[in-house]
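Letter by letter, the chains look like this.
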Amino acid sequence: MPLFNPRILDASIRDVMANLNDTQKADVLLHALQHFPLQGCRTSMENAVQSLLKVPNLPSADIAKALLLRAKVRLAAGYRTSAQQDLHSVLTADPENHEVKAIIQSQHLRPEMLLREPDCPPRFSVEVWREIAFYLPKRDLKSLLLVPNVLSRIASQLLFREIDLHLTAAVEDPSRVACGESIDQDLDAWHYQRSADILTRILVDPHFAGQVKSLSVYAASYDTLQPLAFQVGMLMNTLPKLLNLRTVHCSGNKELITRMLHAVHSHNPRLQRLSIVVADRSVDIEIPIFKHLSHFSMTSEGGCSTSTHAFLAKSRDSLRSLSISNPRWRFPVEAMTVRHLTQIEFNGYFSTDTQAFSEILANGHQLESLMLSGALECTPSSMFRQHRTSLPFLRHFSLTITSLHRHVTDRELCPAISEFLRERTHLRSYHLFVPPTDYRRIGFDASAWGVLPALANLRSLSITYPKDLSPALAGWLIPRSVRALSLDLSHTTTEDFMSFMNQLRTGIPPMLRYIGITNIPIRSALNVVEQGFPNVRVVSTDGGVWTVTRTEDGSLEVDQWPYRRAKYHAAEWLESLDCADAIWKGVHST
């Protein structure tokens, strides 16, 4: 008996359909729909009928047939209101349609019911509500939790796709005291209870656990406090339940990170994003290989880079975004394939013989975001000039020189960077910070700001202010498209600050929503707003971050952010305050 491959029939139908015009294809589709079962095919029927109704000049008889078929499927699925609308449309075109009259009789419908307009707003499907909720910031999703509607369930599902567990006990943290927040034991106790509740829910509710896509754990130390040790034990028990986990962040000591990574590797081998912050100094962590890992970030101080570089070498084929922050490490040229990466963030040191700049500029063809920071012991200006037209897809560029070796002089560096960026009219973010004592050695002066007007689509600008630039001119050099501005005012004195602000404000872009000022004492954030930036929503200084609000009488008020908001939830709040351009579009924001 000859064998027949059903796929040959599919291919033949496809080939025949390719030679028909739209009207003929509609006839074939309409004929095929008449053989559809009424049960279990509503989505296919909806899509097919919708496509038929888009065909121009379709005969009214064919439209009536399509609507009638859809009405039958909708009735079978229980969607009576939408089915009645289809039946009404068919009767409008053909008042004597016997098939519609038979359906009305069998379904016990009265003709006047087909004409009834709904007395409430249209009811969207869960899929439509979910699609709308996808575009809402987290703060709005939290508000939807209070709505007695399907929206509250959708908001809950979207919020708990990303879970943050703060397990760190309250310790004397100088940075927290400097930010103006006192140590709150009750708040830490609240986080302990919250973490325990979430972990318990994951253990007992498989459906809830299956919705979790991202998990972040913050625990700088846990082996000295019994409550924290108990929660870490619960955490290890819950990791096997998170079957759809794709993103993991862990901030803690070596033992916690090692345990967590091995548990995730055993039960979530398809992990795509991994971020590590090592609290211990001078440690080396063995990282298991995740074959599908595309984003990797590691922050540490001291320690050996051997294990990390070995991990990068084994993951080079899958990695697309890389972030390494360790002031003692060199750029891992030998351990990575730059041509595969779209985002690079590196904070370390650039030795005399480094190949970092040449490798990135020569082979980073896919790079969209580049952030380099650290001590400079080389002279990379020649690389920027040699590869002036490289990195065609670059949209975000940042260079921070923390220090310059005493024997290094590269007066062409800043001019070379300006020429490297001048033709990049699609650049969205530009950050340039240089040490205040080494301006002349790297060629930084007012000319470094001369490139700014050419960057017509710039949205975020963070830059050191040169001492030879007039404030009255500086404001007009900033592109009108900038919405987030950060200035390093190392050379501006406190006494001259108010005069500086009054001159600068005349040229400030009108759409500016975020202002950051560093390396100068600020007595009052409100004065910064009133004297220089009346339209901003957020002010950031060395002393903290403030939200700016305008009262009913037109006066301005500022409200300082708590420490935890500034440290853990800054991106969420900036987005909700229309300051999303202040968020660096790099590895951690994708």
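The coordinates are above.
Since the model is a prediction, treat every value here as computed from it, not as a measurement.

A.B. asks: Would you mind going over the pattern of salt bridges with me for this structure?
C.D. replies: Under the counting rule described, the total for this entry stands at 15 salt bridges. Ionic pairing is found between Asp86 and Arg74, a salt bridge with its closest N-O pair at 3.0 Å. Placement of Asp86 in helix H5 (residues 80-93) and of Arg74 in helix H4 (residues 60-77) is noted, with a sequence separation of 12 residues between them. Asp205 is the partner of Arg201 in a salt bridge, and the nearest nitrogen-oxygen pair spans 3.0 Å.

A.B. asks: What exactly am I supposed to notice about H5 here?
C.D. replies: Within an α-helix, residues lying three or four positions from one another point in the same direction, as the helix has 3.6 residues per turn. Here H5 is 14 residues long and its end C-alpha atoms lie 20 Å apart, about the 20 Å a rise of 1.5 Å per residue gives. Three or more residues of H5 are buried, namely Ser82, Ala83, Gln84, Asp86, Leu87, Val90 and Leu91.

A.B. asks: Can you walk me through the nonpolar core in this structure?
C.D. replies: Inside soluble globular proteins, nonpolar side chains tend to come together where they are buried. Residues Phe296, Tyr430 and Phe533 are the most contacted members of the largest nonpolar core, which totals 118 residues. Among all residues touching Phe533, those that are not within four sequence positions of it are Leu485, Met501, Leu504, Ile508, Leu512, Ile515, Ile517 and Val528.

A.B. asks: Even after reading the chapter, I still don't get the pairing of strand S8 (residues 369-376), so can you show me in this structure?
C.D. replies: Consecutive residues of a regular strand have side chains that alternate between opposite faces of the sheet. Here S8 lies mainly inside the structure; 6 of its 8 residues are buried. Strand direction decides the pairing type here: strand S7 (residues 343-350) and S8, joined by 8 bridges, are parallel. Each residue of the ladder has a partner; that of Gly348, found in S8, is Gly374. Considered for its hand, the β-α-β crossover made up of S7, helix H17 (residues 356-363) and S8 is right-handed. With 8 bridges joining them, S8 and strand S9 (residues 396-404) adopt parallel strand pairing.

A.B. asks: Even after reading the chapter, I still don't get the pairing of strand S12 (residues 484-488), so can you show me in this structure?
C.D. replies: With respect to burial, S12 is a largely interior element, 5 of its 5 residues being buried. Across 5 bridges, the pairing between strand S11 (residues 460-464) and S12 is parallel. Residue Ile463 lies in a different strand from S12, and its bridge partner there is Leu487. For the handedness criterion, the β-α-β arrangement of S11, helix H20 (residues 471-477) and S12 is classed as right-handed. Bridge count between S12 and strand S13 (residues 514-518): 5 bridges; the pairing is parallel. Residue pairing in the sheet places Asp488 in a bridge with Thr518 of S13.

A.B. asks: When you look at the packing of aromatic side chains in this model, what are you seeing that I'm missing?
C.D. replies: Two aromatic rings, taken as a pair, are described by how far apart their centres are and by the angle between their planes. All chains considered together, the criterion is met by 15 aromatic pairs. Here the aromatic rings of Trp449 and Tyr465 are separated by 5.4 Å at their centres, their planes lie at 80 degrees, and the arrangement is edge-to-face. Of this pair, Trp449 sits in the loop between strand S10 (429-433) and S11 while Tyr465 sits in the loop between S11 and H20; the two residues are 16 residues apart in sequence, bridging distant segments of the chain. Across this residue pair, the class does not change: Trp449 and Tyr465 are buried. Three or more aromatic residues link up through ring pairs in this structure, and these residues are Phe331, Phe346, Phe350, Phe357, Phe384, Phe397, Phe420 and Tyr430. One cation-aromatic arrangement involves Arg424 over Phe420; the distance from NZ or CZ to the ring centre is 4.1 Å. Here the guanidinium or amino end of Arg565 rests over the ring plane of Trp573, the centre of that ring lying 3.7 Å away.

A.B. asks: Help me understand the side chain of Thr464 in this model?
C.D. replies: Considering the arrangement of structural elements, one finds Thr464 in strand S11. Classification of Thr464 by relative accessible area gives buried; the value is 0%. For Thr464, the side chain forms a polar contact with the side chain of Asp488, separated by 3.4 Å. Aside from chain neighbours lying at most four places away, what touches Thr464 is Leu432, Phe433, Val434, Tyr439, Phe444, Trp449 and Asp488.

Thresholds applied
- Residues numbered from 1 in each chain as written.
- Predicted model: local features only at pLDDT ≥ 70, side-chain atom pairs only at ≥ 80, totals over all residues.
- Heavy atoms only, no water.
- Salt bridge = Lys/Arg side-chain N within 4 Å of Asp/Glu carboxyl O.
- Helix = DSSP H or I, 4+ residues; strand = E, 2+ residues; numbered from the N terminus.
- Expected span 1.5 Å × (residues − 1).
- Buried < 20%, exposed > 50% of the residue type's maximum accessible area, 1.4 Å probe, protein only.
- Core = buried A, V, L, I, M, F, W, Y, C linked by side-chain atoms within 4.5 Å.
- Contact = heavy atoms within 4.5 Å.
- Pairing = 2+ DSSP bridges.
- Right-handed = clockwise from strand over helix to strand, strands pointing away.
- Phe/Tyr/Trp six-rings, centres within 6.5 Å; stacked < 30°, edge-to-face > 60°.
- Lys NZ or Arg CZ within 6 Å of the ring centre and 35° of its normal.
- Polar contact = N/O pair within 3.5 Å; in protein donor to acceptor, adjacent residues only side chain to side chain.

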